[in-house]
Amino acid sequence: MNAIWLIPAGVIGAAVCAGLPRKIDITKYAIRTDKVKNMIRIAVLSDLHNEDYGENMEKLTVPLMNEHPDLILMPGDMAEERHHQDNTLKMMRAVSHIPSFYSTGNHEEYRRDLPELKKQIAECGVRILSGEAAVTEINGTRLEICGIPCRRRESLFDADEISSLFRTDSYRILLSHRPHWVTLYGNVNCDLVVSGHAHGGQWCIPGTHVGIKAPNQRLFSKYTCGIHDLKKGKLLISRGLVKDYHHIPRLYNNPEIVILTLLPEEQK
Ligand SMILES: [Fe+2]
């Protein structure tokens, strides 16, 4: 190689190395609502893709437990499309004392052995929601959590049909893997939609959470992470926990545990 190319090649190499994931970010949000009586801490774990977080998954479960979540939500892609779920199941077993709810992502839906995978997840104590809702009581407040399976297109769902899965007027949460179906989600009668899938846009502009490209979205879409207003309710998108995507590393985009705190309305 001509020596003149060594300088830009070195700069690019250094920039890539500097941007590789080195830790898990803990991202915190809070929502006030008159539907909760006491504070509830919700952890969102998505898109683990069977990533290895050390022996017994402690590099993930220790920071997670340090946040003292009351509830864990997993909106899909926790396992891979092939037979790789050992790390995922290890993590699920390690947090099984916390009420946990899961819906599928596209990578799980690709699997022919999905029923067997679901059986293994259920045996870890995680409640699987696939076109159904469950009511749970946390800190004296009832929450209703609904999950829908990850299908390929928004048009395969109907907002009224999803709304009809909810049975109570509790705080309503919908788990749905794909984040960018905001028209659909805005017409569902729920308070919060929790998604993943975008992996934060895979490569971010350094120092920001502006992701370059997420599946099924245009460049620099805003629906790669964060919390967004919908026509009704809010949409929360996790950047997920896998460190690379089929050998393409994340850059300037650490894996993420989201902690959402639901708070009662302030007394007047
Ligand atoms: Fe994913």
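Everything in this summary refers to the structure shown in the same document. (Residues numbered from 1 in each chain as written. Predicted model: local features only at pLDDT ≥ 70, side-chain atom pairs only at ≥ 80, totals over all residues.)

## Overview of the overall build of the chain
The helix and strand tally for the chain stands at seven helices and 14 strands. Taken over the C-alpha trace, the chain has a radius of gyration of 19 Å; the compact-globule value for 268 residues is 18 Å, and the two agree within 12%. When the backbone C-alpha atoms are referred to their principal axes, the chain occupies close to 70 × 40 × 40 Å. The buried share of the chain, taken over its 268 residues, is 41%. Excluding contacts between residues fewer than 6 apart, the proportion of contacts in the chain whose partners are at least 24 apart in sequence is 74%. (Helix = DSSP H or I, 4+ residues; strand = E, 2+ residues; numbered from the N terminus. Rg over C-alpha atoms; globule rule 2.2 N^0.38 Å. Buried ≥ 20, exposed ≤ 12 C-beta atoms within 10 Å, placed from the backbone. Contact = placed C-beta atoms within 7 Å.)

## Some thoughts on the pairing of strand β3 (residues 71–74)
Of the two faces of β3, the one carrying L71 and L73 and the one carrying I72 and M74 are both buried. Here strand β2 (residues 40–44) runs beside β3; their pairing, made up of three bridges, is parallel. The residue bridging A43 from the neighbouring strand is I72, located in β3. Handedness of the β-α-β unit built from β2, helix α2 (residues 58–66) and β3 comes out right-handed. Inspection of the sheet shows β3 paired to strand β4 (residues 100–102) by three bridges, in the parallel sense. When the bridges of β4 are listed, M74 appears paired with Y102. Handedness of the β-α-β unit built from β3, helix α3 (residues 86–94) and β4 comes out right-handed. (Pairing = 2+ DSSP bridges. Right-handed = clockwise from strand over helix to strand, strands pointing away.)

## Examining the environment of F101
Within the fold, F101 resides in strand β4. Along the primary structure F101 and D77 are separated by 24 residues, whereas in three dimensions their C-alpha atoms are 13 Å apart.

## A look at unusual backbone geometry
Apart from glycine, the bulk of residues carry a negative phi angle, and the bulk of peptide bonds sit in the trans form. Positive phi values are uncommon outside glycine, yet H49 reaches one of about 50°. By secondary structure assignment, the location of H49 is in the loop between β2 and α2. Despite not being glycine, Y252 shows a phi value in the positive range, around 50°. Its place among the elements puts Y252 in the loop between β13 (248–249) and β14 (256–264).

## A word on the sheet that holds strand β8 (residues 171–175)
By definition, the strands of a sheet pair up through backbone hydrogen bonds, in either a parallel or an antiparallel sense. On the basis of which strands lie adjacent, the open sheet formed by six strands has the order β6-β7-β8-β9-β11-β10 and mixed pairing. Lying at the two open borders of the sheet, with one neighbouring strand each, are β6 (132–138) and β10 (226–229). Taking each pair of neighbouring strands and ignoring which way they run, the sheet shows an average axis angle of 20°. Here strand β9 (residues 192–195) runs beside strand β11 (residues 234–237); their pairing, made up of four bridges, is parallel. Among the inter-strand pairings, V194 is bridged to a residue of β11, identified as L236. (Axes fitted to C-alpha atoms, helices over the stretch in contact; angles between N-to-C directions.)

## Some details on the sheet that holds β4
Pairing within the open sheet is mixed, and its six strands lie in the order β1-β14-β2-β3-β4-β5. The open sheet is flanked by β1 (25–33) and β5 (127–128), the only strands paired with a single partner. Strand direction decides the pairing type here: β4 and β5, joined by two bridges, are parallel. Counted as the bridge partner of F101 is R127 from β5.

## Remarks on the environment of R127
When you line up the elements, R127 lands in strand β5. Separated by 27 residues in sequence, R127 and S100 have C-alpha atoms that sit 6.2 Å apart. Those residues in contact with R127, other than ones at most four positions away along the chain, are S100, F101 and A134.

## Description of helix α1 (residues 6–19)
Because an α-helix packs 3.6 residues into every turn, residues spaced three or four apart end up facing the same way. With 14 residues, α1 extends 20 Å from end C-alpha to end C-alpha; this agrees with the ideal 20 Å at 1.5 Å per step. By the criterion of burial, α1 is predominantly exposed, with just zero of the 14 residues buried. (Expected span 1.5 Å × (residues − 1).)

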